Amino acid sequence: MSTWRVLGRLLVYQPGLYALNMLLWTAFWLTPLLVGLVMRAIFDAITHGATVGTGLLSLLVLLLGVAAARVMINVWGVSAWATYFFSRAALLRSNLLQRILGRPGARALPDSPGEAMSRFRDDVEELLRLVEMTVDGVGIVLAGIIGAAIMFRINPVITKAVLVPLVVIIGVVATREAREAAGRVTDLIGEMFGAVQAVKVAGAEDHVIAHFQTLNDARRRASLRDSLLTEVLGMVFWSSVNSGTGLILLLAGQSIRAGTFTVGDFVLFVFYLSLVTEAMTTIGNFSARIRQAGVSVQRLVELLADEAPERLLDYHPVYLSGPLPQVSVPEKTGMDRLETLEVRGLTYRDPVTGRGIEDVSFTLTRGSFTVVTGRIGSGKSTLVRALIGLLPRDAGEICWNGRSVERPAEFFVAPRAAYIPQVPRLFSEALKDNVLFGLPVTRADLPGAVWSAVMERDVETLESGLETVVGPRGVKLSGGQIQRTAAARMFVRKPELLVIDDLSSALDVETERTLWERLFALEDVTCLVVSHRKIAFRRADRIIVLKDGHIEAVGPLEELLRRSPEMQRLWQGEPFSLLGSPTTR
């Protein structure tokens, strides 16, 4: 997508606010032209022997009035600009976040979370700096053009001699390396923080730190070149004011003696020279910034993956002040009630490894308890994730009460479905908030959900009960407590379909037994559970046995133990630690 198109769409979002900012900041940058003209008149009056009379006082009052007006414009402009700036930042970031959250969970980001944060922060700010330069630049360049025209009208020869050298500098542009190098460093930092345990187990601390230093040195060199070029450009531009002033003195001496160039003209030239130089600076910096922004646009579009690039700039309201809109919580309706869930030919293959599931078909009926089992790598987690849209299916059809589900990721949410992954995610918020997850407490049976998840005793031992902040990723909780918190999050929503991926992997025997019993006690709930536990096998109405991504066998436990060698091996692979003999149901 063209950087110019992005810039244009960002500029005119909220047209009234755009027009207000353009008016205020154009006026702010044009008022110095009037200051220069007034100063010219004052110095010409003094040169011709004027005393402090009515005319001179009027000029001084006019000068003070212009200065006061500029101060007021600046005050209003800053307020208007803050709203203008942050509304565009909110627009870009909310669009990015909305697209990411709408993608299949396993492919939400093209890179690591750290790299995504770099793009959310740095690349959005790069575009906003371009917007800022454009809004300011209109007034700055217009003031420079008008100032140059006035100077040319007064004395064309001096004007050309002073201004022509400045035009040569406009073509200089900056580098784009720094943004990409900084992104690589942020990417590695995110991966390091997410893989601390793996790094320590492998004893690779020194190697990882050395690699980090290598990337950081590359970022430092790129940033240094970028900063050096910026400073050199600034030095060249602003030294032009001093050089130009000296050149005006050299060229204007004879004209002043001849009476064709007054002291007021000299003051105006010196004053306007800074305006014209600022305009040249803005043009040069804009040409550099537009190229840097092109890199940022490309990096932001990459976050959208297969979405149309235009989605980055979808207009919608943003809320920077006043009350926030109420977050709607969907009410369960008759259309949400599950009678049958049919899966036909569901297929997903990882594009890199080629592993996955193929041609998986089954049917869930209301109130049934179905277990998916198989060896490690057989496709159990892949199956449930492809079913609910966390992985994009390559083929197959999913029907809810006979109606095809075209976008599973949007459909399989509360109140229709809830999902517990193998490794649940918690936020550094209160335990209560991690369970409710935005659900109003007045509409939730929080104590009942805590009880169903076997968390009641744990809550009593926490320092602040349900108000205890669990820390990043639930670091203050044990692995079993994290799993049961996710279970409570699922139970509190009372969904039609529970999709559970290995719920009890981090639980002790007694807690696991209690959790399964309370799960079985739920009435009129349909469950699809990934498990290798015998207690789940015995309770299951039907077991789906996967092998190498295909369904090996389907049926109740007794039948599978008679006719399925794969189920027999799975059954014998787990010690009889939970519930007695294999013939007991």
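Residues numbered from 1 in each chain as written. Predicted model: local features only at pLDDT ≥ 70, side-chain atom pairs only at ≥ 80, totals over all residues. Heavy atoms only, no water.

A. Structural view of the confidence of the model for the chain. Mean pLDDT over the chain: 83, with 85% of residues reaching 70 or higher. For residues 171-181, every residue scores under 50 in pLDDT, and the model assigns this stretch 32 contacts once sequence neighbours within four places are set aside. Note on residues 575-585: pLDDT is under 50 here. Beyond four places in sequence and across chains, it has 25 contacts. (pLDDT = per-residue confidence, 0-100. Contact = heavy atoms within 4.5 Å.)

B. Structural view of the layout of surface pockets. The computed volume of the second largest pocket comes to approximately 590 Å³. Taken together, 31 residues form the lining of the second largest pocket, with Ile 376, Gly 377, Ser 378, Gly 379 and Lys 380 sitting closest to its centre. Elements with a contribution of two residues or more to the lining of the second largest pocket: strand 1 (340-349), strand 3 (369-374), helix 10 (380-387) and helix 19 (565-573). Ranked by the residues each element gives to the lining of the second largest pocket, the list is headed by helix 10, at four residues. Of the residues assigned to the lining of the second largest pocket, the class counts are seven nonpolar, 14 polar and 10 charged. (1 Å grid on protein atoms, 1.4 Å probe; cavity = no way out; pocket = protein on both sides within 12 Å on 5 of 7 lines; lining within 4 Å. Points joined across faces, edges and corners; volume = space filled by probe spheres on them. Helix = DSSP H or I, 4+ residues; strand = E, 2+ residues; numbered from the N terminus. Nonpolar A, V, L, I, M, F, W, Y, C, P; charged D, E, K, R; others polar.)

C. Inspection of the packing of helix 1 (residues 3-12) against helix 4 (residues 113-154) at higher detail. Packing of helix 1 against helix 4 leaves a shortest axis separation of 10 Å and a crossing angle of 70°. The orientation of helix 1 relative to helix 4 falls into the category roughly perpendicular. Crossing of helix 1 over helix 4 shows right-handed handedness. For the pair helix 1 and helix 4, the contacting residues are Thr 3, Val 6, Leu 7, Leu 10 and Leu 11 in the first and Leu 127, Leu 130, Val 131, Thr 134 and Val 135 in the second. (Axes fitted to C-alpha atoms, helices over the stretch in contact; angles between N-to-C directions. Parallel < 35°, antiparallel > 145°, perpendicular 65-115°, else oblique. Left-handed = near helix turned anticlockwise from the far one by under 90°.)

D. Looking closely at unusual backbone geometry. The omega torsion of the bond from Ala 414 to Pro 415 falls at 5°, within 30 degrees of zero and hence cis. With respect to the helices and strands, Pro 415 occurs in the loop between helix 11 (408-411) and strand 6 (417-420). Located in the positive-phi region is Lys 494, a residue other than glycine, with phi close to 45°. Among the structural elements, Lys 494 can be located in the loop between helix 15 (479-491) and strand 7 (497-501). Among the residues examined, Lys 494 registers a relative accessible area of 52% and is labelled exposed. If you check the backbone angles, Asp 524 has positive phi at about 55° while not being a glycine. (Buried < 20%, exposed > 50% of the residue type's maximum accessible area, 1.4 Å probe, protein only.)

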